[in-house]
Amino acid sequence: MDGQDWSRPSFQVFSPGVKMVSVGVGTGSGWVRKSSPGSGTYIETDEAVLRRRQKQIDYGKNTIGYQHFVQQVPKLARQSGIHPCTPNKYKKYSRRSWDMQIKLWRRALHGWDPLGHEREELQA
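Quick notes on the rules
- Within each chain, residue numbers correspond to sequence positions counted from 1 in written order.
- Only residues with pLDDT of at least 70 get local features here, since the model is predicted, and only at 80 or more are side-chain atom pairs given and counted; chain-wide, interface and lining totals rely on the full set of residues.
- Excluding hydrogens and water, the side-chain figures rest on all heavy atoms present in the structure.
- A pair of Phe, Tyr and Trp rings is counted when the ring centres sit within 6.5 Å of each other, with Trp represented by its six-membered ring. The angle between the planes then sorts it: under 30 degrees is stacked, over 60 is edge-to-face, the rest tilted.
- Charge over a ring is defined by NZ of Lys or CZ of Arg lying within 6 Å of the ring centre and within 35 degrees of the ring normal.
- Think of a salt bridge as a Lys or Arg side-chain nitrogen and an Asp or Glu carboxyl oxygen that are within 4 Å of each other.
- Secondary structure elements are taken from DSSP: a helix is a run of H or I of four residues or more, a strand is a run of E of two residues or more, and numbering for both begins at the N terminus.
- In this description, a line fitted to the C-alpha atoms serves as the axis of each element, helices being fitted only across the stretch in contact, and the angle between N-to-C directions of two axes falls anywhere from 0 to 180 degrees.
- Orientation labels follow simple angle bins: below 35 degrees gives roughly parallel, above 145 gives roughly antiparallel, 65 to 115 gives roughly perpendicular, and whatever is left gives oblique.
- Only heavy atoms enter the contact rule, under which two residues are in contact if any of them lie within 4.5 Å.
- The residue classification treats Ala, Val, Leu, Ile, Met, Phe, Trp, Tyr, Cys and Pro as nonpolar and Asp, Glu, Lys and Arg as charged. All others, Gly included, are polar.

Participant: I'm lost on the packing of aromatic side chains in this one. Help?
Facilitator: A ring pair, where both rings are aromatic, is described by two values, the distance of the centres and the angle of the planes. Under the defined criterion, the tally for this structure stands at four aromatic pairs. An aromatic cluster is defined as three or more aromatic residues linked by ring pairs; in this entry it consists of Tyr66, Phe69, Trp105 and Trp112. Lying across the ring of Trp98, Arg53 places its NZ or CZ 4.6 Å from the centre.

Participant: I'm lost on the pattern of salt bridges in this one. Help?
Facilitator: When the charged atoms of two side chains lie near each other, side chains of opposite charge can form a pair. Throughout the structure, instances matching the rule amount to three salt bridges. Ionic pairing is found between Lys92 and Glu44, a salt bridge with its closest N-O pair at 3.4 Å. Of this pair, Lys92 sits in the loop between α2 (64–72) and α3 (95–110) while Glu44 sits in strand β4 (residues 42–44), placing them 48 residues apart in sequence. Close ionic contact of Arg95 with Asp99 constitutes a salt bridge, the shortest N to O distance being 3.5 Å. Here Arg95 pairs with Asp99, and both are found in helix α3, just four residues apart, close to one helical turn.

Participant: What should I look at first to understand the packing of helix α1 (residues 47–61) against α3 in this one?
Facilitator: When two helices pack together, their arrangement is given by the angle between the helix axes and by the axis-to-axis distance. The interhelical angle for the contact between α1 and α3, taken along N-to-C directions, is 10°, at an axis separation of 10 Å. For the element pair α1 / α3, the angle class is roughly parallel. Listed contacts from α3 to Arg52, Arg53, Gln56, Ile57, Tyr59, Gly60 and Lys61 of α1 are Arg95, Trp98, Asp99, Ile102, Trp105, Arg106 and Leu109. In terms of residue class, the contact of α1 with α3 is built from six nonpolar, two polar and six charged.

Following this line, the structure appears as structure tokens:
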């Protein structure tokens, strides 16, 4: 085999005398299982979080880049990894993870802004 002892938890030594152990915890009260056990998929149940996420999605969908994207690429022709995909507001994410997904989605939408649109905004 590879010589590792799988009976003990793995750890890394970052500095002399300090060990970091990897531990996974998911015991939050707002966690509800969406699918079969072991799949690791949870849904968001907090109404305030869902409203905040929808507001962020609405801001993105109200941009000229999103409108241009919708006109240029039919829904059935969109490909994951190539075209911007709206983050799933119902999936359980940490606040930091959600904010990064929104940031990356909005940045990808700017790639669909019409040419010259940025210059018009700067001159106005």
